[in-house]
Amino acid sequence: MPYTMEVNVAKNQVVVKAFGLTEADVPAYISDFEQAMKKLKPGFTGVTDVTESKTILTPEVAAMLAPTGDIAVAHGVGGWVYVADTPVWKMQMKRLFGKFAVHYPTYEEADAYLNSLVK
């Protein structure tokens, strides 16, 4: 499986762990992402964790995934964090999701940040 996507309705949060997405994976990913959005309320938070991915996204895959940022914004994202532990991933995630996501090097730091947003 190139990714996991878990929705925690009680926490109003989606957690994505990416392990290496290819162009063939993107349609299913976007479909899963849209389904996840339907389960969440405005103000939801999200995490994209790429620390276990062996490779960064190809330019083609990155372009195909770019609309997920707009989808999240349209559904009322309250905060999003990407967890990346290499400079190249950090740069790519910032380019893709910089308009609403922040970066942390560990999931624990990301989770603490998102918990601070919930009032």
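Up top you'll find the structure we're talking about.
Residues numbered from 1 in each chain as written. Predicted model: local features only at pLDDT ≥ 70, side-chain atom pairs only at ≥ 80, totals over all residues. Heavy atoms only, no water.

Draft legend 1. Spatial organisation of helix H4 (residues 87-97). Every buried residue belonging to H4 is among Trp-89, Gln-92, Met-93, Leu-96 and Phe-97, and all of these are buried. The buried residues of H4 occupy one face: seen down the axis, they fall within an arc of 105°. Residues of H4 that are exposed and angled more than 90 degrees away from the buried face: Pro-87, Lys-94 and Arg-95. If you follow the buried residues of H4, they end up packed against strand E3 (45-49), helix H2 (59-65), helix H3 (67-74), strand E4 (79-83) and strand E5 (101-104). (Buried < 20%, exposed > 50% of the residue type's maximum accessible area, 1.4 Å probe, protein only. Helix = DSSP H or I, 4+ residues; strand = E, 2+ residues; numbered from the N terminus. Arc of directions from axis to C-beta. Contact = heavy atoms within 4.5 Å.)

Draft legend 2. Just the environment of Glu-6, in detail. The topology assignment puts Glu-6 in strand E1 (residues 3-8). For Glu-6, a relative accessible area of 55% puts it in the exposed group. With 27 residues separating them in the primary sequence, Glu-6 and Phe-33 have C-alpha atoms 9.8 Å apart. Setting aside residues up to four positions removed in sequence, Glu-6 forms contacts with Gln-13, Val-14 and Val-15.

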